[in-house]
Amino acid sequence: MIEDKIKTRDELGTLCEHLRASGKKIGFTSGAFDIVHAGHADYLEKAKGICDVLIVGVNSDRSVQSYKGPGRPVVPDAHRVRVVAALESVDYVFLFDERRNRENIGTLRPHYYIKAGDYSHEDLTSRSTAEEYGGEVRLIPVTQSISTTRIIEKIRDGGDETSSRVLDEDGATHITQRPARKAPAVFFDRDGTINEEVLYLHEPEKFRLLPNAAAGIRMFQDMGYRIVIVSNQPGIGMGYFGKEDFYAVNREMLRQLSDVGVLVDKIYFCPHSKSEQCDCRKPGQALIRRAEKDLNIDLTRSVFVGDKTSDMETGRRAGMKIILVNTGFRGEDGEFQGEPDARAEDLLDAASQVLAWERDKAPRV
Ligand SMILES: [Zn+2]
């Protein structure tokens, strides 16, 4: 029965003592589970495969609002907890108010603390909490790019958007039909912002995501931003490498990002050297204008995130908010003047700052 699976955290703490005494391996995981989809079902089934008894913590409405932003969750916690309890792989469910799992892990002391395969600050905290009493962190890679955020977008767009996505030759998802709904975007620079700066990067095996980059992009995606990458690739114009090499690096990036559920809407790039004086090289606006049209982007609510002053200048000319990240060139290239709207340690920090701006703008209830 569904009701029998729903407990309070304290009840489960006591139950876990008995389970441990009888030699059962306890697994614990948590999430919002707002609109349960196939990705959740697969993930929980794999989690159950690791342990004898699977306990799932469901974030309360208050805690979901604190990290997903306004408008979420769609489904209230009393309902979400019942749907999760109805899944065969799940043995027990409880609601919790915090954003982090420290309290949950401390009370349940599971043998396995199970997480989707992405890293963030809080994982490290949870890891040390689990290891304090001899528990273990287990990561399950998320193989499918299904997300509640995308499902909500598809419903809002009348079902058009997701079905009209195709893979581009450069490996980026390409929207063949302009989405009906206007949405803000985050424009990211690639090298030095998303991945480690490597001069004239053109070998996929040298592609390294920066710490918190995937988690940060994922957070922007969850907040409803379209994800766009705009990159200057003068190495192509100067003949150091070819477009195919650039595409190969992109494919590696998209593979690593899709492992954590990030779906990039489109990658734009300028293949020209500076001396060619094109209008697509950042801070030129041609690629921004194309993205605005292709993806129905509301530039006034969009953000540009990069590590160079040319990135800041690009966003500034387009009238976006601009965030300088403390990675790659750290804005020390000296090409353009002016202060960014914010400085961020990494992309997760950038996303957190944008969420804070949105909260300030949101009408008080
Ligand atoms: Zn160009």
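Residues numbered from 1 in each chain as written. Predicted model: local features only at pLDDT ≥ 70, side-chain atom pairs only at ≥ 80, totals over all residues. Heavy atoms only, no water.

Draft legend 1. Expanded view of the overall build of the chain. Secondary structure assignment for the chain yields 15 helices and 13 strands. Counting across all 365 residues of the chain, residues that qualify as buried make up 52%. Carbon and sulfur atoms form 49% of the exposed surface of the chain, whose accessible area is close to 16500 Å². (Helix = DSSP H or I, 4+ residues; strand = E, 2+ residues; numbered from the N terminus. Buried < 20%, exposed > 50% of the residue type's maximum accessible area, 1.4 Å probe, protein only. Areas by Shrake-Rupley, 256 points an atom, 1.4 Å probe, with all protein chains shown as cover.)

Draft legend 2. Looking closely at the side chain of aspartate 191. Considering the arrangement of structural elements, one finds aspartate 191 in the loop between β8 (185-188) and α10 (213-222). Overall, aspartate 191 belongs to the buried group, its relative accessible area being 13%. A distance of 2.8 Å separates a polar atom in the side chain of aspartate 191 from a polar atom in the side chain of arginine 190. Discounting residues that sit within four places of it in the chain, aspartate 191 has contacts with Glu197, Leu201, Gln233 and Asp307. (Polar contact = N/O pair within 3.5 Å; in protein donor to acceptor, adjacent residues only side chain to side chain. Contact = heavy atoms within 4.5 Å.)

Draft legend 3. Representation of the pattern of salt bridges in the model. Summed over the entire model, instances satisfying the criterion amount to 19 salt bridges. One salt bridge in this structure joins glutamate 335 and lysine 274, with 3.5 Å as the shortest N-O distance. With glutamate 335 in the loop between β12 (321-325) and β13 (342-344) and lysine 274 in the loop between β10 (266-270) and α13 (286-294), this residue pair connects regions lying 61 residues apart in the sequence. A relative accessible area of 38% places glutamate 335 in the partly exposed class. For lysine 274, a relative accessible area of 55% puts it in the exposed group. Each member of the salt-bridge network shares a partner with another, and the members are Asp189, Lys282 and Asp311. (Salt bridge = Lys/Arg side-chain N within 4 Å of Asp/Glu carboxyl O.)

Draft legend 4. Molecular detail of the packing of aromatic side chains. Scanning the entire structure with this criterion turns up 10 aromatic pairs. Look at phenylalanine 28 and phenylalanine 94: their rings are 6.0 Å apart centre to centre, the planes differ by 20 degrees, and that puts the pair in the stacked class. Residue phenylalanine 28 is found in strand β1 (residues 26-31), and its partner phenylalanine 94 is found in strand β3 (residues 92-96); the two are separated by 66 residues along the sequence. You can call phenylalanine 28 buried: its relative accessible area is 0%. Given the relative accessible area of 0%, phenylalanine 94 is considered buried. The interplanar angle of 5 degrees and the centroid separation of 6.1 Å between the aromatic rings of phenylalanine 187 and phenylalanine 304 together place this pair among those described as stacked. Taken together, the positions of phenylalanine 187 in strand β8 and phenylalanine 304 in strand β11 (residues 303-306) put the pair 117 residues apart, joining distant regions of the chain. By relative accessible area, phenylalanine 187 is classed as buried at 0%. The class for phenylalanine 304 is buried, based on a relative accessible area of 0%. The rings of Phe28, Phe94, Phe96 and Tyr113 are connected pair by pair, giving a single aromatic cluster. (Phe/Tyr/Trp six-rings, centres within 6.5 Å; stacked < 30°, edge-to-face > 60°.)

Draft legend 5. Spatial organisation of the environment of leucine 254. Tracing the chain through its elements places leucine 254 in helix α12 (residues 243-258). For leucine 254, a relative accessible area of 12% gives the class buried. Residues leucine 254 and valine 264 lie 10 residues apart in sequence; the distance between their C-alpha atoms is 7.3 Å.

Draft legend 6. Representation of the pairing of β11 within the structure. Alternating positions in β11 separate into two faces, Val303 and Val305 on one and Phe304 and Gly306 on the other, with burial throughout. By the bridge criterion, 3 bridges tie β8 to β11 in an arrangement that is parallel. Of the residues in β11, the one forming a bridge with phenylalanine 187 is phenylalanine 304. By the bridge criterion, 4 bridges tie β11 to β12 in an arrangement that is parallel. Across the sheet, valine 305 pairs through a bridge with isoleucine 323, a residue of β12. Crossover connection from β11 via helix α14 (residues 309-317) to parallel β12: handedness right-handed. (Pairing = 2+ DSSP bridges. Right-handed = clockwise from strand over helix to strand, strands pointing away.)

None of the figures reported here should be taken as evidence of function without further support.
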